[in-house]
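The residues making up each chain are set out below.
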Amino acid sequence: MAPGEKIKAKIKKNLPVRGPQAPTIKDLMHWYCMNTNTHGCRRIVVSRGRLRRLLWILFTLTAVALIIWQCALLIASFYTVSVSVKVHFQKLDFPAVTLCNINPYKYSVVRDLLADLDRETRKALKTLFGFSEVTSRKRRDTESENPAQKGIQPKFLNTIPLLAFNENEKGKARDFFTGKKRKVSGNIIHKSSDVMQVHKSKETVGFQLCPSNDTTNCATYTFSSGVNAIQEWYKLHYMNIMAQVPLEKKINMSYSAEELVVTCFFDGMSCDARNFTLFHHPMYGNCYTFNNRENETTLSTSMGGSEYGLQVILFIDEEEYNPFLVSSTGAKVLIHQQNEYPFIEDVGTEIETAMSTSIGMHLTESFKLSEPYSQCTEDGHDVPVENIYNASYSLQICLYSCFQTKMVEKCGCAQYSQPLPPNANYCNYQQNPDWMYCYYKLYQAFVNEELGCQTVCRETCRFKEWTQTSSLAQWPSEVSENWLLRVLTWDQRQQTNKQLNKTDLAKLLIFYKDLNQRSIVESPANSIEVLLSNFGGQLGLWMSCSVVCVIEIIEVFFIDFFSIIARRQWQKAKEWWARKKAHPGPEAPPSQQGQDNPTLYIDEDLPTFTSALHLPPALGAQVPGTPPPKYNTLHLERAFSNQLPDTQVPSEP
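The numbering scheme is per chain: residues are counted from 1 as the chain's sequence reads. This being a predicted model, a pLDDT of at least 70 is required before a residue's local features are given, and a value of 80 or more before pairs of side-chain atoms are given or counted; all residues contribute to the totals for chains, interfaces and linings. Note: side-chain values were computed over all heavy atoms of the structure, leaving out hydrogens and water.

So, about the overall build of the protein. The helix and strand labels rest on DSSP assignments: H or I over at least four residues marks a helix, E over at least two residues marks a strand, and numbering proceeds from the N terminus. In terms of regular secondary structure, the protein is built from 18 helices and 21 strands. Relative accessibility under 20% of the residue-type maximum defines a buried residue, over 50% an exposed one, and the middle range a partly exposed one, all with a 1.4 Å probe and only protein chains included. Split into buried and exposed, the 653 residues of the protein put 38% on the buried side. We call two residues in contact when some of their heavy atoms are within 4.5 Å. Taking the contacts inside the protein whose residues are at least 6 apart along the sequence as the reference set, 75% of them involve residues at least 24 apart. Areas reported as accessible are Shrake-Rupley estimates using a 1.4 Å probe. Residue values count occlusion only from the protein chains shown. Accessible area for the protein stands at about 39,700 Å²; split by element, carbon and sulfur atoms hold 55% of it.

Next up on the list: the state of the cysteines. The rule for a disulfide is simple: a pair of cysteine sulfur atoms within 2.5 Å. The full count for this structure, using the stated rule, is seven disulfides. Disulfide partner of Cys-398: Cys-457, at an S-S distance of 2.0 Å. Handedness here is read from the sign of the S-S torsion; for Cys-398 and Cys-457, about -80°, the answer is left-handed. Here the residue Cys-398 occupies a position in helix H12 (residues 395-411), and Cys-457 occupies one in the loop between helix H14 (453-456) and strand E19 (462-474), the gap between them amounting to 59 residues. By the burial criterion, Cys-398 is buried, and Cys-457 matches it. The thiol of Cys-33 is not disulfide-bonded; the next cysteine sulfur, from Cys-41, is found 5.1 Å away. Using a relative accessible area of 14% as the deciding quantity, one classes Cys-33 as buried.

Our focus in this paragraph is the nonpolar core. For the purposes of this section, nonpolar cores are sets of buried Ala, Val, Leu, Ile, Met, Phe, Trp, Tyr and Cys residues that join through side-chain atoms within 4.5 Å. Ranked by size, the top nonpolar core spans 104 residues in total, and within it Phe-94, Phe-207, Tyr-238, Leu-314, Trp-435 and Ile-510 carry the most contacts. Other than its neighbours up to four places away in sequence, Tyr-238 contacts Pro-104, Tyr-105, Leu-114, Leu-117, Met-283 and Leu-325. With eleven residues, the next largest nonpolar core counts Ala-63, Ile-67, Met-543 and Cys-549 among its residues.

Now for helix H6 (residues 115-129). With 15 residues, H6 should cover 21 Å at 1.5 Å per step; its first-to-last C-alpha distance of 21 Å lies within 8% of that length. The elements touched by buried residues of H6 are helix H5 (107-110), strand E4 (162-166) and helix H8 (226-242). Two residues or fewer past H6, Gly-130 is found with a positive phi of approximately 85°. A helix is expected to reach a length of 1.5 Å times the quantity of its residues less one.

Right, let's get into helix H2 (residues 25-35). Residues Leu-28, Tyr-32 and Cys-33 constitute the buried set of H2. Relative to the axis of H2, the buried residues are bounded by an arc of 130° and lie together on one face. Elements in contact with the buried residues of H2: helix H3 (39-46) and helix H17 (547-581). Throughout, the arc means the angular range of directions from the helix axis out to the C-beta atoms.

Let us now look at the environment of Tyr-389. Along the chain, Tyr-389 falls in the loop between strand E18 (355-367) and H12. Put simply, Tyr-389 and Pro-421 are 32 residues apart on the chain and 8.3 Å apart in space, counted from C-alpha to C-alpha. Contacts of Tyr-389, omitting those with residues within four sequence positions, involve Tyr-341, Phe-343, Ile-397, Tyr-400, Ser-401, Gln-418 and Pro-419.

With that out of the way, let us pick up the confidence of the model for the protein. Per-residue pLDDT for the protein has a mean of 79; in total, 77% of the residues score no lower than 70. At the level of individual helices and strands, the protein shows its lowest average pLDDT in helix H7 (residues 138-141), which scores 47, and its highest in strand E3 (residues 96-101), which scores 96. A residue's pLDDT is the predictor's confidence in that residue, given on a scale from 0 to 100. Low confidence marks residues 192-200, where pLDDT is under 50. Its contacts with residues over four positions away, or in another chain, come to four contacts. pLDDT under 50 marks residues 593-603. Its contacts with residues more than four places away, or in other chains, come to ten contacts.

In this section: the sheet that holds strand E13 (residues 285-290). Across the sheet, which stays open at both edges, the five strands sit in the order E12-E13-E3-E16-E17 with antiparallel pairing between neighbours. Whereas interior strands pair on both sides, the edge strands pair on one side only; in this sheet they are strand E12 (276-281) and strand E17 (349-351). For this sheet, the mean angle separating the axes of adjacent strands, direction not counted, is 30°. In this sheet, strand E16 (residues 331-336) lies alongside E3 in antiparallel orientation, the contact comprising six bridges. Looking across to E16, one finds that Thr-98 is bridged to Leu-334. Any two strands with at least two DSSP-identified bridges between them are counted as paired. To get an axis, fit a line to the C-alpha atoms, keeping to the stretch in contact for a helix; angles then go from 0 to 180 degrees between the N-to-C directions.

What follows is the structure, given as structure tokens:
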């Protein structure tokens, strides 16, 4: 190494170390505060006076806290959405329309199947109110055998009698059929509204459900109204009886499309029963869906208004109504998508007889963002519930599928009012005598969200809904009633031989009010670019900092900081290992000679002023001077063995 390079290396070695290679954390922090672009940190170091320095420390820490708080708010609000509403004017597809008679089956056809149940119901009415149901309808008195009932022998098992509960007699109830009192144990569930109580009766009506092998673990259901109790009790036995009837027989017992639909018009064109698709509902019998995309084609409407929608006249046939199963007269209608299952029992709209019901629609289509913005699902493939319906996924389908699956697992059979899961049968007494008890227990757990169905089921991200506005008008009018009913009777001569009256008919109009489609679209309110810009704004506002400053902070506080700690720990480890390997004997002190100066050290390089300032202090109080020379070094030895003759000094005489 050249002498100049050695001098530079020696000077660099003796200078104090600063920056990332500082030996201590204090030196590192001092270097950072003096060289960073964040003004607050520099003011902490250069400020004079403790008070001013303390204030700058407080200001800097407050600014850092505000930056952290604002950035946390920005991150928390990153997954928010902005909603935009768009309105389009275009030709709209007409929705699917499902129509059902409120009465599921003709009473004259199912009368023999329900004879025992109706007889027990009349006894209960006579015992409770002192009268029995009396009818003068000729069709119900007919005892002719119906061919649809051949080979069907459903049984009525009166294992769940109606009971009268008196609040003065705890633990006892009176049986309506036998008149005897019996003990009542288990939980009592009062199925009445807690919000609005019209009157409080001392005697309530209900029934008790018990498992066949355990009469102590029962569930008792009471009702504040005898009407509700009788209808609920009748419905339970009705489902048990109809669950034993094959599907083909039940379809024949209900109304055909030709019987239900008297006249039909759509978009100014005539239509008939061939435009309707059969859909059998367990509680509403044969239902029919218009515009069900049967041939992969969807009908559309060209203009808005009642003249360009669907107009139908329905034959209700009030004389064939079951007096105990349904208490109202009319039909149910549901507007839905073509690939959607029609939950006519839950969300259907009832229309009256002898009235013209007009339903105006507005189409709204919603688009929601999926995870991480919301918990919605695109098509239900990520929901751990099997779809037992032959329809597209929806929240309601998921809930009912979950309940039916739980019903099959715990009760061994499925609920009658919903579609069957694979390899399952509807519940009845012959297969499972305890199905009613199991069903009510399971339904109570479902309502209380104890089955977990509400947790796993999610709504869809994209759906359509039709906002409906209904209006009613008397139909037919008094001046047109005579001729209109005669013409309709003539039109229905092949389906019925009776003279129609206005209570047997209902008119329905469904149409778009206008062709404006409203779309509600969710979009991300933030993006990565916007988030980074907001971060930069907060850093610049509170500490005059940039992204480079952030990188510098990461380098100093997360790299250099831990490097210093690691280096010090490594140095301590090396020193400990050197002491461990050193010889344990005492080391002899070095001998000092007269020419040795302990304050000096041998160095082949020339001394400098800076290196001289860093020399260690002398051992004694007085620094010795220059050591005395060795005089023997002044002795001149003979350089030449033979001198030239002319250079020799003559000898003295």
